[in-house]
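An overview of the molecular structure
Next come the chains, spelled out residue by residue.
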Amino acid sequence: MPSLAIVILNYNRADLLADCLESIYATPTRCAVTVWVVDNASRDGSAEVVQTRFPQAKLIVSPINGGYSHGNNLALRQILNAPTSPDYVMLLNNDTLVPAGALDGLVEYLEQHGEVGAVGPKLLLPDGSLDLACRRSFPTPEVALYRMLGLAQIFPRSPRFARYNMTYLDPDQETEVDALVGACMLVRHSVLREVGLLDEAFFMYGEDLDWAYRIKTYGWRIAYYPRVIIHHYKRAASTRRAIPSIRAFYAAMRIFHRKHYAATTPAALNALIELGITLKELLALGRNYLLPPAARRVG
């Protein structure tokens, strides 16, 4: 029987977390599943909900909200250091629902494809559309430039311009990808041990891209497997991102580019990319500011 450790990070969403855990524990599986819940200093009683309703989960209560990478690493570090290691490790968002058969489907995929180090499912949003982040190419300077110029939106069926979200492909087409999304990502324990933890320079956003980049650097393939479906609320509680979230998103873009591409990119293009990131950040902040006060989000 394969063993699976699922790591769920939570911050002030006891309602979504409870639904997610219910969906996991209500799902029959052939795996030996251990769920790790890391609570990032929530103030809504999330930890108490886990202790009361889901005592079988391993709960880690962080005294601080150190961000996505920091929180997940609290569990991943214990998993790495445990005397008995699981075969597979999954990162799973608290705003997801896991249908019957989904866990087994992803595990079976890795069991049948020894060259694949990580696999992700088809993520569906509440309206039934595809969460585009679930299959991506790396934001190389060229790909980033196409996105900043709006060419990816103008030509969504172009394999050249729409490479980042791969919108030129059928959502039901199984394919090798550069990166998945941390909302649901299954990796081999051996890959986790080889590649290491998430980079805590990323507070929120970008850490899954960075992890995938490192996984591929070690020679592993990454696969998008749409025969397995996971449902993703993805900010269902609000239609706008708060100011800290906006800043974190664009900070992650800068960190990823500087870490992986800046050294091999011409200085003029580096400057253009940095300028583009800053302009898009200012535009996003401006849109938030122009919202009516009741709809504006600051935290």
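Computed from a prediction, not measured in an experiment: that's the story for all the values here.

What counts, and at which threshold
Residues numbered from 1 in each chain as written. Predicted model: local features only at pLDDT ≥ 70, side-chain atom pairs only at ≥ 80, totals over all residues. Heavy atoms only, no water. Helix = DSSP H or I, 4+ residues; strand = E, 2+ residues; numbered from the N terminus. 1 Å grid on protein atoms, 1.4 Å probe; cavity = no way out; pocket = protein on both sides within 12 Å on 5 of 7 lines; lining within 4 Å. Points joined across faces, edges and corners; volume = space filled by probe spheres on them. Nonpolar A, V, L, I, M, F, W, Y, C, P; charged D, E, K, R; others polar. Buried < 20%, exposed > 50% of the residue type's maximum accessible area, 1.4 Å probe, protein only. Pairing = 2+ DSSP bridges. Phe/Tyr/Trp six-rings, centres within 6.5 Å; stacked < 30°, edge-to-face > 60°. Lys NZ or Arg CZ within 6 Å of the ring centre and 35° of its normal.

Moving on, we come to unusual backbone geometry. Look at N12: it is not a glycine, yet its phi comes out positive at around 55 degrees. One can find N12 in the loop between strand 1 (3-10) and helix 1 (14-25).

Before going further, it helps to spend a moment on the layout of surface pockets. As a volume, the second largest pocket reaches approximately 180 Å³. Lining the second largest pocket, in full, are S3, L4, A5, A32, T34, W36, K58, I79, A82, T84, S85 and P86. Those elements giving two or more residues to the lining of the second largest pocket turn out to be strand 1 and strand 2 (32-40). Its residues assigned to classes, the lining of the second largest pocket comprises seven nonpolar, four polar and one charged.

Turning next to the pairing of strand 8 (residues 184-188). With five of five residues buried, strand 8 lies mostly within the body of the structure. Neither face of strand 8 is open: one carries C184, L186 and R188, the other M185 and V187, and all of them are buried. Direction of pairing for strand 4 (residues 88-93) relative to strand 8: antiparallel, over a ladder of five bridges. Each residue of the ladder has a partner; that of L92, found in strand 8, is C184.

Under the counting rule described, the total for this entry stands at 11 aromatic pairs. Measuring from ring centre to ring centre gives 5.1 Å for F138 and Y213, while their planes differ by 55 degrees; the resulting arrangement is tilted. In this pair, F138 sits in the loop between strand 6 (116-124) and helix 5 (141-148) while Y213 sits in helix 8 (residues 207-217), placing the two residues 75 residues apart along the sequence. Overall, the relative accessible area of 9% leaves F138 in the buried class. Note on Y213: relative accessible area 21%, which makes it partly exposed. When the ring of Y213 is compared with that of F256, the centres are 6.1 Å apart and the planes differ by 85 degrees; the resulting orientation is edge-to-face. Of the two residues, Y213 sits in helix 8 while F256 sits in helix 9 (residues 243-260), which places them 43 residues apart along the sequence. These aromatic residues form a ring-pair network of at least three members: F138, Y213, F256 and Y261. Geometry around W36 places K58 over its ring, the cationic atom sitting 5.5 Å from the centre.

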